[in-house]
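Now for the letters of each chain:
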Amino acid sequence: MATYDPFRDLDRLASTLLDARRGGGPRRMPMDLYRDGDHYVLAADLPGVDPGSVDIDVDGQLLTIRAERTLGSGEGVKWITRERETASFVRQLNLGQGIDTERISAAYRNGVLSVTIPVSEKAKPRRISVSTESDHSDGVIEAHESEPQPIEQ
């Protein structure tokens, strides 16, 4: 037996009105973005999306993610309630400088799209060692690149 929930009906009405006002265009997908060592990880929620509909492209420094959620209607089906909707999703990010756009990769698992965005070698921090007068008889200070070392605090 179904119970009447005025808040659910009000929420559904507000969503319908807001979606109609937006013109039914693409929706934004919620996402998280964090840095993990030498790469960034973007995790975007795309529940119910067919992985084959996901399109990711990079144009210069602009990353664009597009996806479609379609719902089967089934012939001869009599709907009791249908709250899930078909939808188009789009998200664009300006990657800025220091990203290796050639090695971006993506995976889709359990309704979450994960995009791994590596930092370019040029943008990685590096340590410059400094030699002193005692190292060279001519009194010139020279700098050489070496691997970064963790700073102890």
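The following refers to the structure shown. A quick note: this is a predicted structure, and the numbers were derived from the prediction, not measured.

Concerning the overall build of the protein
Next, step 1: Within the protein one finds one helix and nine strands.
Next, step 2: Starting at the N terminus and walking to the C terminus, you meet the elements of the protein as α-β-β-β-β-β-β-β-β-β.
Next, step 3: Every one of the 153 residues in the protein was classed for burial, and the buried ones make up 19%.
Next, step 4: At a minimum sequence separation of 6, the contacts of the protein that also span at least 24 residues come to 45%.
Next, step 5: Counting only carbon and sulfur atoms, one obtains 50% of the accessible surface of the protein, whose full area is about 11,700 Å².

Focus: the pattern of salt bridges
Next, step 1: For the structure shown, the criterion picks out three salt bridges.
Next, step 2: Asp 55 serves as the salt-bridge partner of Arg 66, at 3.9 Å between the closest nitrogen and oxygen. Pair noted here: Arg 66 is in strand 4 (residues 62–69) and Asp 55 is in strand 3 (residues 55–59), with a separation of eleven residues, a long-range link.
Next, step 3: Look at Asp 55 and you get partly exposed, because its relative accessible area is 36%.
Next, step 4: Asp 100 is the partner of Arg 103 in a salt bridge, and the nearest nitrogen-oxygen pair spans 3.3 Å.
Next, step 5: Overlapping salt bridges, with partners in common, bring together Asp 55, Asp 57 and Arg 66 in one network.

Details of the sheet that holds strand 4
Next, step 1: A sheet is described by the order of its strands in space; here three strands give the open sequence 3-4-5, paired in antiparallel fashion. Whereas interior strands pair on both sides, the edge strands pair on one side only; in this sheet they are strand 3 and strand 5 (87–94). Sheet twist, expressed as the average angle between the axes of neighbouring strands with direction ignored, equals 15°.
Next, step 2: Two elements, strand 4 and strand 5, share eight bridges in a ladder whose sense is antiparallel. Counted as the bridge partner of Ile 65 is Arg 91 from strand 5.

Some words on the sheet that holds strand 6 (residues 105–109)
Next, step 1: One open sheet holds the four strands; their spatial order is 1-2-7-6, and the pairing between them is antiparallel. Strands with a single pairing partner mark the edges of an open sheet, and in this sheet they are strand 1 (31–36) and strand 6. For this sheet, the mean angle separating the axes of adjacent strands, direction not counted, is 15°.
Next, step 2: Of the pairings in the sheet, the one linking strand 2 (residues 39–45) to strand 7 (residues 112–118) comprises seven bridges and is antiparallel in character. Looking across to strand 7, one finds that Val 41 is bridged to Thr 116.

Let's talk about unusual backbone geometry
Next, step 1: Of note in the backbone geometry, Asn 110 takes a positive phi value of approximately 50° without being a glycine.
Next, step 2: In this fold, Asn 110 is placed in the loop between strand 6 and strand 7.

Topic: the pairing of strand 2
Next, step 1: Of the strand pairs in this sheet, strand 1 and strand 2 are connected by six bridges, and their pairing is antiparallel. Among the inter-strand pairings, Met 31 is bridged to a residue of strand 2, identified as Ala 44.

Rules of the game
Residues numbered from 1 in each chain as written. Predicted model: local features only at pLDDT ≥ 70, side-chain atom pairs only at ≥ 80, totals over all residues. Heavy atoms only, no water. Helix = DSSP H or I, 4+ residues; strand = E, 2+ residues; numbered from the N terminus. Buried < 20%, exposed > 50% of the residue type's maximum accessible area, 1.4 Å probe, protein only. Contact = heavy atoms within 4.5 Å. Areas by Shrake-Rupley, 256 points an atom, 1.4 Å probe, with all protein chains shown as cover. Salt bridge = Lys/Arg side-chain N within 4 Å of Asp/Glu carboxyl O. Pairing = 2+ DSSP bridges. Axes fitted to C-alpha atoms, helices over the stretch in contact; angles between N-to-C directions.

Keep in mind that these numbers describe shape and distance, not what the molecule does.
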